[in-house]
Amino acid sequence: MAKIARTPYNASRWITKRISSGTTLNKRLTGQCIFVTAPSEINLNINFLDAGSYFKIILREDSVGAINIDLPAMEGVLIYDNGSVGLTNAGTAGQTILTIPATASAGTYVDLICDGAKWYVTGMAHNVQWTQS
């Protein structure tokens, strides 16, 4: 007798987390997709360098406050559209804090992937330009 075809279940679904206040993202949380709501300025601290670690951070709603992502070391390219389209080279002068400024639009995101020496960042922002320090 023929078997009934079944669609396989995708067991590699993202684990998601919602945050709206300052948080330290540790090694236990690696691999998560973090949905952020920023009713005021918040700080996300990632204080480790562990090869293969990754996060995706997505803004759920238009932000009221800035979102500061503090990393030990970073490098990458970020795209923004704040009336004109441009690029920000992340970490080129030793900066370690990436900021999504207040008034960023919902859907703004950043991908973070670590090679053990630094975090590589890529992302897109709408309505604001990325800043770093």
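From a predicted model like this one, the values you see are computed outputs, not experimental measurements.

Draft legend 1. Broad picture of the pairing of strand β11 (residues 119–126). Alternating residues of β11 divide into Trp 119, Val 121, Gly 123 and Ala 125, all buried, and Tyr 120, Thr 122, Met 124 and His 126, none buried. The pairing of strand β7 (residues 74–81) with β11 spans eight bridges and is parallel. In the sheet register, Asp 81 faces β11, and the bridge partner there is His 126. Bridge count for strand β10 (residues 109–114) against β11 is six bridges, and the pairing is antiparallel. Residue pairing in the sheet places Ile 113 in a bridge with Tyr 120 of β11.

Draft legend 2. Expanded view of the sheet that holds strand β4 (residues 42–45). Reading across the sheet, the five strands line up as β2-β4-β6-β9-β12 and stay open at both edges, with mixed pairing between neighbours. Whereas interior strands pair on both sides, the edge strands pair on one side only; in this sheet they are β2 (23–24) and β12 (131–132).

Draft legend 3. Expanded view of the side chain of Thr 37. One can find Thr 37 in the loop between β3 (32–36) and β4. Not counting residues up to four positions away in its chain, the partners in contact with Thr 37 are Ile 19, Ser 20, Ile 42, Arg 60 and Glu 61.

Procedures and definitions
- Residues numbered from 1 in each chain as written.
- Predicted model: local features only at pLDDT ≥ 70, side-chain atom pairs only at ≥ 80, totals over all residues.
- Heavy atoms only, no water.
- Buried < 20%, exposed > 50% of the residue type's maximum accessible area, 1.4 Å probe, protein only.
- Helix = DSSP H or I, 4+ residues; strand = E, 2+ residues; numbered from the N terminus.
- Pairing = 2+ DSSP bridges.
- Contact = heavy atoms within 4.5 Å.

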